[in-house]
Amino acid sequence: MADTPAPAIAAPSVRTVTPVMLVALSILGGWLVLALAAPVIAPYDPDAIDILNMLSPPSAAHWFGTDQVGRDVFSRVLFASRVDLLLCVAGVLPPLVIGTTIGLLSGYFGGLVDTVFMRIYDLTVAFPFFVLVLAIVGVLGPGLLNFILALTLVGWVSYARLVRAQVLTIRESEYIQAARCLGYPPAAILAHHVLPNAIGPVIAYAVSDAVLVMLAGASFGFLGMGAQPPLAEWGVMIADGQAFVQQAWWICLFPGLAAISLGLGFALLGDGLGQLQRRGVTA
Amino acid sequence: MPLLQLLVRRLLQLIGVLAGISLVTFLLVHMAPGDPARLLAGERASAETVAAIRSQYGLDLPLWRQFLTYLANLLSGDIGLSLRFQRPVIQLIEQFMWPTLFLTAYVLCLAIPPTVALAILGARRPGGIADQIIRLVGIAGLTIPVFWLGIMMSRFFGVSLGWFPVSGYGVGFTGHLHHLFLPAVSTAIWLVPVLTQSLRAALIEKTAADFVTAARAQGATERQIFWQTMLPNAVLPTLNLLGVMVAFMIGGAVIVETVYAVPGLGTLMVNALLGRDYYVVQGLTLVFAVSTVLITLTVDLLTAFIDPRVRL
Amino acid sequence: MSGLRNGMPPLLEVKDLSVSFGEFAAVKNVSFALRPGEILGIVGESGSGKSVTCRAVMRLLAAAARAEGSVTLEGRDLLALGEDELCAIRGRDIGMIFQNPASHLDPLRRIGEQVAAPMIRHLGITRREGLKRAVALLDDVGIREPEKRARSYPHEFSGGMKQRAMIAAAIGCRPKLLIADEPTTALDVTVQARILHLLRDLNRRTGLAMILISHDLGVVADICSQVVVMRNGEVVEQGPIDDVINRPRHPYTKLLIESQPGRKTYGTADGPDGGKPLLSVEKLSVSFSTGGGLLGGLGGGGAFKALDGIDLEIGAGETVGIVGESGSGKSTLARSIIRLNTPGGGAIRLDGQDIGALSGDALTAFRRRVQMVFQNPYDSLNPRLTIGEAVAEPIWRHGLADRKTAQKEAEALLEMVELPASLYDRKPRQLSGGQCQRVGLARALSLKPQLLIADEITSALDVTTQAQILELLVRLQRERSLTLIYISHDLSVVSSLCQRVYVFKAGRVVEQGVAQQVLSRPQHPYTQALVGSLARLPAHTGTISQPV
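Residues numbered from 1 in each chain as written. Chains lettered and ligands numbered in written order. Predicted model: local features only at pLDDT ≥ 70, side-chain atom pairs only at ≥ 80, totals over all residues.

## Comments concerning the overall build of chain A
Check the secondary structure of chain A and you find ten helices and zero strands. Secondary structure elements in chain A, listed N-terminal to C-terminal, are α-α-α-α-α-α-α-α-α-α. The buried share among the 283 residues of chain A stands at 52%. Partitioning the intrachain contacts of chain A with sequence separation of at least 6 by distance along the chain shows that 69% fall at a separation of at least 24. (Helix = DSSP H or I, 4+ residues; strand = E, 2+ residues; numbered from the N terminus. Buried ≥ 20, exposed ≤ 12 C-beta atoms within 10 Å, placed from the backbone. Contact = placed C-beta atoms within 7 Å.)

Printed below as a string of structure tokens:
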């Protein structure tokens with residue numbers, strides 16, 4: 001064929017993993033291992049009070065020092081990672097699933113569903129995200145479960161909006177028109193043709209969103225609206241340590257660094273996925 | 001005039017959104033577990049007192065009637081009464097809003113110059129060393145919990161070095177500047193990466209834009225191209241993001257103000273939440289939402305002013 | 001035009017120009033010369049390096065590109081100039097216009113300012129004087145009410161007006177050379193003819209030398225005196241236009257000329273069998289609301305009538321062409337026939353049955369009888385599916401075979417459209433545009449339809465590929481006795497392929513009849529304009545047999 005032969009550039013596989021993403025995956029994997037193995041690794045019971053050893057600085061016995069009631073900060077950071085990791089998953093998955101479903105329906109079928117959704121969207125973005133979640137949690141009562149509930153109540157809207165925007169473009173593409181012309185059932189078109197092409201940016205967004213969820217979770221713990229003491233959670237630990245930060249900086253420092261490193265794992269992964277998405281689009 | 005048309009249409013939209021906001025804030029308090037009348041009356045009030053309060057506040061009426069009363073109150077400027085302070089919420093907000101507004105403006109002044117500089121630096125050679133560093137540091141900046149950074153900074157700059165006060169609002173303009181420096185920096189450290197990423201991406205996108213090639217083909221120098229063609233076109237998406245971020249910051253003030261004990265709306269909000277002072281929460285949520293809507297409106301008008309294509 | 005003013009020194013001389021992007025050599029040892037007042041055409045298909053050559057002349061390539069050789073403009077080597085000297089020449093001595101005028105104008109600045117900018121920059125005149133001259137220039141390039149239009153923004157201009165404004169900006173400083181890179185490709189044919197006329201007029205009036213880059217040999221033959229034919233980064237042939245067209249020496253040039261639409265008549269299948277029409281469209285109207293959304297820019301609001309009382313009939317086995325420019329409603333008709341949009345009035349009948357009333361099994365049966373091939377080769381295939389899966393899917397979804405058998409049938413179909421078996425497991429982005437269109441054809445034929453709609457299926461392809469696809473289409477039609485509706489903006493393609501043709505304008509049929517007659521004796525003024533706009537090779541070049 002005289003027609004330009006298949007582009008020699010063997011189309012870059014969208015699944016290529018960049019070095020940065022490798023770093024991100026190892027951070028996340030590392031935290032997962034630490035969280036699962038916390039009972040084995042932790043040198044102390046995270047809740048064991050030891051009045052004789054309160055506010056002792058980092059040492060060979062207590063790597064990260066102890067807090068105001070003598071609990072081992074290292075053990076607590078490890079156990080807290082279980083709460084915070086779970087928080088990331090529980091705070092991202094429900095909005096992701098609900099939002100994607102509604103976004104697909106709203107974008108593909110339009111009509112009443114779409115109108116109603118867009119009004120809900122307009123209304124939700126009128127509230128500062130943090131304030132709305134805070135107000136809902138405050139009214140429902142502090143606690144992790146209510147935090148997740150509020151997060152889902154507010155968060156699905158962004159996912160739905162993103163999916164809807166994707167679907168609006170995909171819906172107009174000729175391969176969807178062809179699928180309709182070929183008489184495929186709407187459910188098959190949505191599941192087999194629309195969703196796989198719409199989901200990429202959503203996954204990238206969800207991973208980046210995990211950072212926001214973790215930070216929000218820690219912030220709520222800090223404000224006393226999320227996880228409740230004595231449960232070990234990074235935000236709660238930082239809040240506990242705030243009063244003693246003059247004498248014992250280590251109580252606050254280590255949970256914060258833990259939060260940053262986990263956040264970095266998600267953020268770098270999200271960034272890498274986003275870049276692959278963009279490259280995939282231009283390729 | 002398209003601008004006038006836009007304004008009218010946006011104002012009409014605004015009314016719908018405001019109605020929605022009032023409904024949500026109304027329902028917010030009704031979501032609260034427990035009896036609002038009991039809350040108003042206090043823990044130890046007798047059943048008769050509670051019943052009296054219930055009919056006095058119209059809490060025995062059907063929900064839609066209560067909502068209408070709420071709407072009517074809103075229209076007359078009454079957004080509720082604080083149970084704890086026994087003062088109208090509007091008065092409390094007037095009292096507490098200045099530190100928050102000052103802080104917001106302060107953050108913007110601190111954040112915008114480095115944003116523009118870093119974005120230009122990064123976009124000048126996309127993928128270069130400077131760009132990579134800016135990008136990675138930016139990503140790292142996003143992951144720092146603001147409250148933790150606040151505590152660490154106040155411990156280091158405030159307590160160890162004694163350069164800045166670690167709490168309060170100060171007296172007079174310079175006093176405010178001095179007291180709010182650490183809170184403003186902690187917020188800016190998080191804001192700058194977000195804005196830089198957006199502006200950088202827009203600049204890089206415009207570098208490859210056809211109209212830039214055309215300007216080059218007409219003999220424009222690189223400097224002229226950057227300032228006259230690329231920057232104005234790249235600034236629009238960032239402007240929109242800035243609007244979103246300012247709204248976000250007003251909300252995020254809750255955290256920073258708590259850490260640095262700034263007597264602003266955020267502190268008021270947290271105290272009201274912890275003290276179950278629901279009408280203050282309701283009033284504040286309403287005010288936050290209305291400010292967000294106004295900020296979005298301002299950004300839209302500004303965008304329409306810069307970009308002749310915008311019509312909505 | 002005098003192509004043989006040999007005594008004059010060349011205005012621009014390109015010698016052994018090579019451009020590479022890393023390992024990839026985009027342009028290899030290209031040489032040509034241009035004398036003052038001459039129009040030189042550079043013709044080639046996508047990937048031939050024609051645009052890269054001209055961007056190298058203007059030094060507009062990305063930093064990653066390496067250019068070697070020499071480009072001499074009146075004795076100065078452009079490739080050796082510093083940035084400052086270069087800026088003084090760009091826009092002053094050489095003007096340039098581009099393929100897509102919409103994206104090459106700054107959306108935030110008024111047209112007048114953009115036309116005036118090069119003059120203010122290069123001629124040292126004031127802003128006021130610049131704007132005054134810009135208005136005069138806009139008038140020169142045929143924009144009505146130039147003073148008012150100078151205050152407009154680009155989005156308020158039509159495509160043709162934008163290109164006129166680009167031309168005005170390019171000629172403001174009275175350059176010696178104008179480089180036009182596919183200046184009419186994004187425009188409708190009638191607009192294309194007017195822009196080409198403007199360029200030729202400028203050349204005659206002011207003696208402005210031009211390089212016209214185009215994929216369309218017809219356009220080049222229309223206004224150029226010299227032509228350079230490029231392929232894969234190399235010049236395969238160059239010389240005076242008449243020589244090259246009438247006596248092409250290189251086989252590729254011959255192929256290019258052969259492939260020109262309208263050069264060849266594809267023997268179509270037998271005419272209608274005279275019975276009842278297979279498909280009839282009666283008083284069909286389709287409207288879109290313009291309250292918002294994508295069509296928001298059209299008209300003042302309310303509804304935009306995409307189709308306004310269309311009547312047409314298509315007999316079994318016929319090949320019928322639908323011709324019209326953008327916005328004529330031809331694609332809306334196609335979408336209505338396959339029920340992708342709902343008509344506001346009228347009816348479409350297949351074998352006398354109203355297709356609007358179909359549902360359930362009857363609708364499924366209808367889907368099997370009527371199929372469509374789409375315009376954009378890459379967009380019409382799901383990027384996540386291999387082409388084998390894409391062609392097999394309709395077969396098993398319609399329950400005609402299980403998934404394994406469907407895969408086998410898909411392979412047979414792909415073989416039928418002449419795709420090698422090695423490609424079955426590829427994704428669309430690993431194929432060329434022409435190959436994707438073949439897949440689209442195979443998929444449409446997988447349900448063994450009776451009626452096939454082809455909507456601009458070759459408009460995104462190179463001419464030589466277009467010729468191959470058309471041949472394939474005709475072969476398939478004959479083998480499978482398909483009824484074919486061929487939709488195109490290109491009257492010459494349609495008339496070479498179809499027995500009958502309908503000409504659409506603004507949602508109405510303005511003319512219909514036997515294809516050859518419509519082309520040779522158009523009745524309606526619009527059809528006459530359309531025929532007059534066809535950029536065809538000179539008639540005296542003979543028909544199919546080429547003198548060698």
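## Concerning the environment of Arg 161 of chain A
Secondary-structure assignment places Arg 161 of chain A in helix H6 (residues 144-172). Residues in contact with Arg 161 of chain A, not counting those within four places in the same chain, are Gly 103 and Tyr 121 of chain A.

## A few points about the UniProt feature "transmembrane region" (unreviewed entry) in chain A
Residues and elements named next belong to chain A. If you check UniProt for "transmembrane region" (unreviewed entry), the listed places come out as residues 20-44, 85-109, 129-157, 202-227 and 247-269 in our numbering. With 84% helix and 0% strand, the stretch residues 20-44 has end C-alpha atoms that lie 34 Å from each other. Taken end to end, residues 247-269 has its terminal C-alpha atoms 37 Å apart, with 87% of it in helix and 0% in strand. (UniProt positions renumbered as here; feature names shortened; annotations may be inferred.)

## Notes on the interface of chain A and chain C
How big an interface is tends to be stated in terms of the accessible area lost upon association of its parts. Between chain A and chain C, the residue contacts involve 23 residues of the former and 32 residues of the latter. Contributing elements (two or more residues each) for the side of chain A that touches chain C: helix H7 (174-181) and helix H8 (186-223) of chain A. The element contributing the most residues to the side of chain A that touches chain C is H7 of chain A, with six residues. Its residues placed into classes, the side of chain A that touches chain C shows 14 nonpolar, six polar and three charged. (Nonpolar A, V, L, I, M, F, W, Y, C, P; charged D, E, K, R; others polar.)

## Examining the interface of chain A and chain B
Each partner contributes residues to the interface: chain A has 37 residues there, and chain B has 40 residues. Of all the elements in the fold, those that place two or more residues in the side of chain A that touches chain B are helix H4 (111-125), helix H5 (129-140), H8, helix H9 (234-242) and helix H10 (250-282) of chain A. The greatest single-element share of the side of chain A that touches chain B, amounting to ten residues, is contributed by H10 of chain A. Its residues assigned to classes, the side of chain A that touches chain B shows 27 nonpolar, eight polar and two charged.

## A few points about the sheet that holds strand E17 (residues 451-455) of chain C
Residue and element names in this part refer to chain C. The six strands lie next to each other as E16-E17-E18-E13-E19-E20, forming an open sheet whose pairing is mixed. In this open sheet, the two edge strands, each paired with only one partner strand, are strand E16 (370-373) and strand E20 (508-514). Neighbour to neighbour, the strand axes of the sheet diverge by 20° on average, direction disregarded. In this sheet, strand E18 (residues 483-488) lies alongside strand E13 (residues 319-323) in parallel orientation, the contact comprising five bridges. Across the sheet, residue Val 320 finds its bridge partner in E18, namely Ile 485. Contacts from helix H12 (residues 330-337) reach E13, E16, E17, E18 and strand E19 (500-505), with the element oriented near 150° to E17. (Pairing = 2+ DSSP bridges. Axes fitted to C-alpha atoms, helices over the stretch in contact; angles between N-to-C directions.)

## What to know about the UniProt feature "domain: ABC transmembrane type-1" (unreviewed entry) in chain B
What UniProt calls "domain: ABC transmembrane type-1" (unreviewed entry) maps, in this numbering, to residues 97-303 of chain B. Strand forms 0% of residues 97-303 of chain B and helix 85%; the C-alpha atoms that close the span are 27 Å apart.

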